[in-house]
Amino acid sequence: MTDRRDSRALSRRHFLKSGLLGGVAIAGAAASGRAAAAGEPLITDVQEWNQFPGEGVGTRPYGQPSQFEQHVVRKTVPWLTADAISSVSFTPLHELDGIITPSGLCFERHHGGIAEINSADHRLMINGLVEKQLVFTMADLKRFPRENHVYFLECAANSGMEWRGAQLNGVQFTHGMLHCLMYTGVRLKHLLNEAGLRTAGKWILAEGADASAMTRSIPIEKALDDCIVAFAMNGEALRPEQGYPLRLVVPGWEGNMWIKWLRRLEVGDQPWQQREETSKYTDLLPNGKARRFTFAMDVKSVITNPSPQSPITHGKGHTVITGLAWSGAGAISRVDISIDGGRNWKTARLDGPSFSKALHRFYHEFDWDGSELFLQSRAMDDQGFIQPTKDDLRSVRGANSIYHNNGIQTWHVGKDGVVENVEIS
Ligand code: MTE
Ligand code: CO
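Residues numbered from 1 in each chain as written. Chains lettered and ligands numbered in written order. Predicted model: local features only at pLDDT ≥ 70, side-chain atom pairs only at ≥ 80, totals over all residues. Heavy atoms only, no water.

Student: Honestly, the nonpolar core in this entry has me stumped. Any pointers?
Tutor: Note that soluble globular proteins tend to have their nonpolar side chains buried in a common cluster. Counting 57 residues, the largest nonpolar core has Leu124, Leu191, Val229 and Leu262 as its most contacted members. Counting residues per element, this core draws most heavily on strand 9 (residues 228-233), at six residues. In this structure Val229 touches Leu124, Leu141, Gly185, Val186, Leu188, Leu191, Leu246, Arg247, Leu248 and Leu262, once residues within four positions along its chain are discounted. Counting 31 residues, the second largest nonpolar core, distinct from the first, contains Cys180, Trp326, Ile332 and Leu373. (Core = buried A, V, L, I, M, F, W, Y, C linked by side-chain atoms within 4.5 Å. Buried < 20%, exposed > 50% of the residue type's maximum accessible area, 1.4 Å probe, protein only. Helix = DSSP H or I, 4+ residues; strand = E, 2+ residues; numbered from the N terminus. Contact = heavy atoms within 4.5 Å.)

Next comes the structure, spelled out in structure tokens:
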């Protein structure tokens, strides 16, 4: 028995060695694997799951994550809102990789709770400045040409708590009003053309069927450009939390406009000045005036790991920094990383598909010498926009704002690997 273990350990050592000699160029990769010579019981001992058959096929008709991943969940900040009916839960960005948000982990923002609508009972109406008013069933909508697109959705209030300084200790809470999904649906322009737009029609009012009956005005140019009436996300029907059976997708624009449980589109000649575009979702400037209609989400990025909820636990040596970048204006062209609070920058490696108005994943591998770090990321998009520092942002917008904070985030990494939300000015 001992002999066999030894020979296994030896052959593994031999494999690692020949791998290195063979020129495997991933610096530190071998070093970060544990030396096998001492024996690894999880390799050498037969484990329980290796001895008995598991549950058979069909026992889990709708698959769930592993029981060992139960900590990967949306979270709320209870003191943030008075009631869960109009509140928000946050995406666990530090637990995710790639660019697609798993359907069950998308942050939720509801103003009147989750509407539970049977798709057979759902109707979409188009009225106002059109040649003929129309009412569609879900089956009617699925007879128009369908398209698939990957888009991010960011609430305009994402990072809103961070305007005046570092507040919430976790990327889930500072940046987690963000998700990125593959949508399937029909271009809004096909539905508007079917109804026949009158020439005076310059704006669309989108209305939700939930108890908040959320309404937003959208310029006709955007409605005829890339807006989608979506019935699927990540290949299956929308989740109730995301507006089942129908939601409006307004690529690159603030999440509030992406009306869920979409039931009505009215065509008009001017914006409606609803609550969500006057009292809310306007930006109070230093001169006391409120800026309206800041539709597009600005270029932004954040390091998701390391971050306060994801400290460095392996000590010094080979370390992977990763994060997300996005822009409402187009695709991300470059992300720079600083480990010294913005004094020096290195260009990160963008990986995975690059879609316009979608999340982009970046990585930066480096050798951590164990000293304290001030981690930052700075994104640039293909339209020439560059993510500003928080000071730059405040010099233009003042300190009264809540919405549209795309400032550079700083994480402090201590010598012990513990990470905290900080701000350097
Ligand atoms: N649509 C309806 N009908 N009701 C709502 O409360 N909330 C809006 C928007 N659409 C809302 C809605 C806001 S503020 C945001 S940020 C997004 O939906 C959130 O989408 P999500 O819940 O899929 O993350
Ligand atoms: Co919102």
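Okay, back to it.
Student: What is the right way to look at the side chain of Glu162 in this model?
Tutor: Considering the arrangement of structural elements, one finds Glu162 in the loop between strand 5 (146-154) and helix 6 (171-175). Buried within the structure, Glu162 lacks any salt-bridge partner; Lys390 is the closest side chain of opposite charge, at an N-O distance of 4.5 Å. Beyond its immediate stretch of four places on either side in the chain, Glu162 contacts Gln167, Leu168, Thr174, Lys390, Arg394, Asn405, Asn421 and Glu423. (Lys, Arg positive; Asp, Glu negative; His and termini not counted. Salt bridge = Lys/Arg side-chain N within 4 Å of Asp/Glu carboxyl O.)

Student: Mind showing me how you'd approach the packing of aromatic side chains here?
Tutor: Aromatic ring pairs: the centre-centre distance and the angle between the two ring planes describe each pair. Evaluated as defined, the whole model comprises eight aromatic pairs. Both rings, one in Phe90 and one in Phe173, keep their centres 5.7 Å apart while their planes meet at 75°; by these two values the pair is edge-to-face. Separated by 83 residues along the polypeptide, Phe90 in the loop between strand 1 (87-89) and strand 2 (108-110) and Phe173 in helix 6 bring together distant segments of the chain. Phe173 gets classed as buried once you look at its relative accessible area, which sits at 17%. (Phe/Tyr/Trp six-rings, centres within 6.5 Å; stacked < 30°, edge-to-face > 60°.)

Student: Teacher, can you tell me more about unusual backbone geometry here?
Tutor: A negative phi holds for most residues other than glycine; trans holds for most peptide bonds. A cis amide bond links Tyr244 to the next residue, Pro245, at an omega of 5°. Relative to the elements of secondary structure, Pro245 occurs in the loop between strand 10 (236-237) and strand 11 (247-249). The linkage connecting Asn305 with the following residue, Pro306, adopts the cis geometry, with an omega of -5°. Tracing the backbone shows Pro306 in the loop between strand 15 (300-305) and strand 16 (317-326). Here Ser159, not a glycine, exhibits a phi torsion of approximately 65°, which is positive. With respect to the helices and strands, Ser159 occurs in the loop between strand 5 and helix 6. One non-glycine residue, Tyr281, lies in the positive phi region at around 55°. Relative to the helices and strands, Tyr281 resides in the loop between strand 12 (262-268) and strand 13 (283-284).

Student: Is there a simple way to think about the sheet that holds strand 23 (residues 419-422) in this case?
Tutor: As a general point, the strands of a sheet are linked pairwise by backbone hydrogen bonds and lie either parallel or antiparallel. Spatially, 18-17-21-22-23 is the arrangement adopted by the five strands of the open sheet, whose pairing is antiparallel. Each having just a single partner strand, strand 18 (346-347) and strand 23 make up the two edges of the open sheet. One ladder, built from six bridges, connects strand 17 (residues 332-338) with strand 21 (residues 373-381); its direction is antiparallel. Its bridge partner being in strand 21, Ile332 is matched across the sheet by Asp381. (Pairing = 2+ DSSP bridges.)

Note that all results are geometric; they support no functional claim without further evidence.
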